[in-house]
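Each chain, written out:
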Amino acid sequence: MWRRPRVRLWTAVSVAALGFLVALEIAARHYDIPGPITTQAQEVVFAPKSGGLLYASMALVMLVLTWRERFLALGAAIGIDVAFLLVRWAVGAEPTFGNGALWVIIGCAVIALTRRTGRERVLLLKGVGLGLLLVTGRKTGDTWLLLTSKTRPAVLDPYAETADHALGNPSWLAGRIVHASGPVGSHLLEYVYIQLAVAAVFVTLYQLRHVAVERGFPRHHLVRTFLVIGLIGPAVYMIFPTVGPVFAYGADGGHWAAADLWPNTAPPISAPHPLAFDAITPRNCMPSLHTAWATAIFIHSRNGPRALRYAGAFWLVATLSATLGFGYHYGVDLVAGAVFALTIEGALRAHDAGWHRSGVRFVAYGATVFTALLLSYRYLPQQMAEHPWFFGPLLLLAPASVIYGYLRTTAREEPPPVPAQRLVPQPEMV
């Protein structure tokens, strides 16, 4: 079994992932902040940060179970959570939920190792791994964001804001619209922004709905794209650290902000320079991973029923509105995030198809466009701001060209439709 290339590949990936988590844990301890392994272990007993995410992860594990096993797992999770709630109520702690779901996931892993054999063991372990990857990815991202604030004392927000003049400073406009919408619009967008991972789980549940029957996972699904985006994207935070207009140019930045202008007045065009900032706010704007994840949800919802397609489109539009309207991102962040998501999705599909020539060309083109965007934001922001009628359409043309290339490339990967067989009349027996 160990001689199989696929087994060796997954073994190497697992070892590399474990090494990355250990290294991240050590780096976090160096800055006196909890690492991903520590925070995940604490949630076995202590209050989870997101109970909804843990139950969504358990739902992914339940995809490989029978209906009877699913009811037993859900009942066990609810029962454990009720017990935890009673204990927290008795000691006066804040009520929360999610521990039961994590216990069930761990229990499924133990059952797979002790009670299952062969293909059934592998299938259950894959389900457990899928659920834990979603949770661990969230914990890893939280730790990485804290590290960006500790290791990048200066931010490049003036460069992104200056380049954003080419698009008409959409964050300032969206911020005024959200403020005018009142608490109803703000709460709706805030819910969409926070629950992005839960929306991804709904799309994944549809894509993996036949796993329990077919006893196997499809070759490509949304979780793969989600995890790769979350793995590669934060590395760019270190290259282009930005905190967002609500912090760099708004009241939330306090005395660290360059000015208190967001969302009422856009800053005047001037020569940008690095801006010193606090050691708390994450430098997580470039590229906008919320835009990248929402784009991935939209792409993977296209093959679903009409309700799922509408939900995917709504989540994309609402996420883009929230990222701009709350001042978390600049317009140029969203452009880079969309190109980033399409390039990664195209790379995963090209890998599954055997890296054919059109797939390689598309991935190279998407990576080139993404790199060109970052370089232009960093070294040509003033020229972009001074010539918006040239650079503005160019910024919009960049993601449009990547979308066109993605559609052409994926259309070639789709199997041709099977022509309907024509019935030939047969002579009748007399």
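Preceding block: the structure.
## Regarding the overall build of the chain
Then, in step 1: Check the secondary structure of the chain and you find 18 helices and two strands.
Then, in step 2: In terms of overall size, the chain behaves like a compact globule, its C-alpha atoms giving a radius of gyration of 24 Å where 430 residues would be expected to give roughly 22 Å.
Then, in step 3: With respect to the three principal axes, the spread of C-alpha positions in the chain is 85 × 75 × 50 Å.
Then, in step 4: Taking all 430 residues of the chain together, the buried fraction comes to 47%.
Then, in step 5: Partitioning the intrachain contacts of the chain with sequence separation of at least 6 by distance along the chain shows that 77% fall at a separation of at least 24.
Then, in step 6: When the accessible surface of the chain is totalled, it reaches about 22,700 Å², and 69% of it is carbon and sulfur.
Then, in step 7: Positive and negative charge centroids in the chain, built from 34 and 23 side chains respectively, lie 13 Å apart.

## Here's the deal with the nonpolar core
Then, in step 1: Counting 72 residues, the largest nonpolar core has Ile229, Ile297, Val332, Leu373 and Tyr377 as its most contacted members.
Then, in step 2: If one sorts the elements of this core by residue count, helix α15 (residues 331–352) sits on top with 10 residues.
Then, in step 3: If sequence neighbours within four positions are ignored, Leu373 has contacts with Val335, Ala336, Val339, Leu395 and Ala398.
Then, in step 4: Counting residues in hydrophobic clusters, the runner-up holds 31 residues, among them Leu63, Val104, Ala197 and Val223.

## Brief notes about the side chain of Ser288
Then, in step 1: Along the chain, Ser288 turns up in the loop between β2 (275–276) and α13 (289–300).
Then, in step 2: A distance of 2.8 Å separates polar atoms of two side chains, one belonging to Ser288 and the other to Thr291.
Then, in step 3: Ignoring anything within four residues of it in the chain, the contact list for Ser288 reads Thr323, His329, Asp333, Leu334 and Gly337.

## A look at the environment of Val122
Then, in step 1: Mapped onto the secondary structure, Val122 falls in helix α6 (residues 118–151).
Then, in step 2: Using a relative accessible area of 43% as the deciding quantity, one classes Val122 as partly exposed.
Then, in step 3: A C-alpha to C-alpha distance of 22 Å links Val122 and Tyr206, two positions 84 residues apart in sequence.

## A short note on the packing of helix α5 (residues 99–114) against α6
Then, in step 1: At a closest axis distance of 9 Å, the pairing of α5 and α6 adopts a crossing angle of 155 degrees. Our classification of the angle between α5 and α6 gives roughly antiparallel. The way α5 lies across α6 gives a crossing that is left-handed. Residues Ile105, Cys108, Ala109, Ile111, Ala112 and Leu113 of α5 pack against Arg121, Leu124, Leu125, Val128 and Leu132 of α6.
Then, in step 2: Counted by class, the contact of α5 with α6 contains 10 nonpolar, no polar and one charged residues.

## Here we look at α15
Then, in step 1: End to end, α15 covers 32 Å across 22 residues, agreeing with the expected 32 Å (1.5 Å per residue, within 8%).
Then, in step 2: Summarising burial for α15: 21 of the 22 residues are buried, a large majority.
Then, in step 3: Where α15 ends, the next residue or the one after it, Gly354, has phi of about 90 degrees, a positive value.

## Looking at the layout of surface pockets
Then, in step 1: The space that makes up the second largest pocket amounts to roughly 850 Å³.
Then, in step 2: Residue lining of the second largest pocket: 33 residues in total, with Phe298, Ile299, His300, Arg302 and Tyr406 positioned closest to the centre.
Then, in step 3: Residue assignment for the lining of the second largest pocket shows that the elements contributing at least two residues are α9 (196–207), α10 (211–214), α13, α14 (306–325), α15 and α18 (388–413).
Then, in step 4: Considering each element in turn, the lining of the second largest pocket owes the most residues, seven residues, to α18.
Then, in step 5: Class assignment for the residues of the lining of the second largest pocket results in 19 nonpolar, eight polar and six charged.

## Structural notes on the packing of α15 against helix α16 (residues 357–379)
Then, in step 1: It is at 9 Å that the axes of α15 and α16 come closest, and there the two elements cross at 160 degrees. Judged by the inter-axis angle, α15 sits roughly antiparallel to α16. By crossing handedness, the relation of α15 to α16 is classed as left-handed. Taking contact as the criterion, the partners of Val332, Val335, Ala336, Val339, Phe340, Leu342, Thr343, Gly346, Ala347 and Ala350 in α15 are, on α16, Gly359, Phe362, Val363, Gly366, Ala367, Val369, Phe370, Leu373 and Tyr377.
Then, in step 2: In the contact of α15 with α16, the residues fall into 15 nonpolar, four polar and no charged.

## Considerations on the packing of aromatic side chains
Then, in step 1: Summed over the entire model, instances satisfying the criterion amount to 12 aromatic pairs.
Then, in step 2: An angle of 50 degrees between the planes, with centres 5.7 Å apart, marks the rings of Phe326 and Tyr328 as tilted.
Then, in step 3: Ring-pair connections join several aromatic residues into one group, and the members of that group are Tyr193, Phe326 and Tyr328.
Then, in step 4: Here the basic side chain of Arg378 rests over the ring of Tyr379, its NZ or CZ set 5.3 Å away from the ring centre.

Criteria and cut-off values
Residues numbered from 1 in each chain as written. Predicted model: local features only at pLDDT ≥ 70, side-chain atom pairs only at ≥ 80, totals over all residues. Heavy atoms only, no water. Helix = DSSP H or I, 4+ residues; strand = E, 2+ residues; numbered from the N terminus. Rg over C-alpha atoms; globule rule 2.2 N^0.38 Å. Buried < 20%, exposed > 50% of the residue type's maximum accessible area, 1.4 Å probe, protein only. Contact = heavy atoms within 4.5 Å. Areas by Shrake-Rupley, 256 points an atom, 1.4 Å probe, with all protein chains shown as cover. Lys, Arg positive; Asp, Glu negative; His and termini not counted. Charge placed at Lys NZ, Arg CZ, Asp CG, Glu CD. Core = buried A, V, L, I, M, F, W, Y, C linked by side-chain atoms within 4.5 Å. Polar contact = N/O pair within 3.5 Å; in protein donor to acceptor, adjacent residues only side chain to side chain. Axes fitted to C-alpha atoms, helices over the stretch in contact; angles between N-to-C directions. Parallel < 35°, antiparallel > 145°, perpendicular 65-115°, else oblique. Left-handed = near helix turned anticlockwise from the far one by under 90°. Nonpolar A, V, L, I, M, F, W, Y, C, P; charged D, E, K, R; others polar. Expected span 1.5 Å × (residues − 1). 1 Å grid on protein atoms, 1.4 Å probe; cavity = no way out; pocket = protein on both sides within 12 Å on 5 of 7 lines; lining within 4 Å. Points joined across faces, edges and corners; volume = space filled by probe spheres on them. Phe/Tyr/Trp six-rings, centres within 6.5 Å; stacked < 30°, edge-to-face > 60°. Lys NZ or Arg CZ within 6 Å of the ring centre and 35° of its normal.

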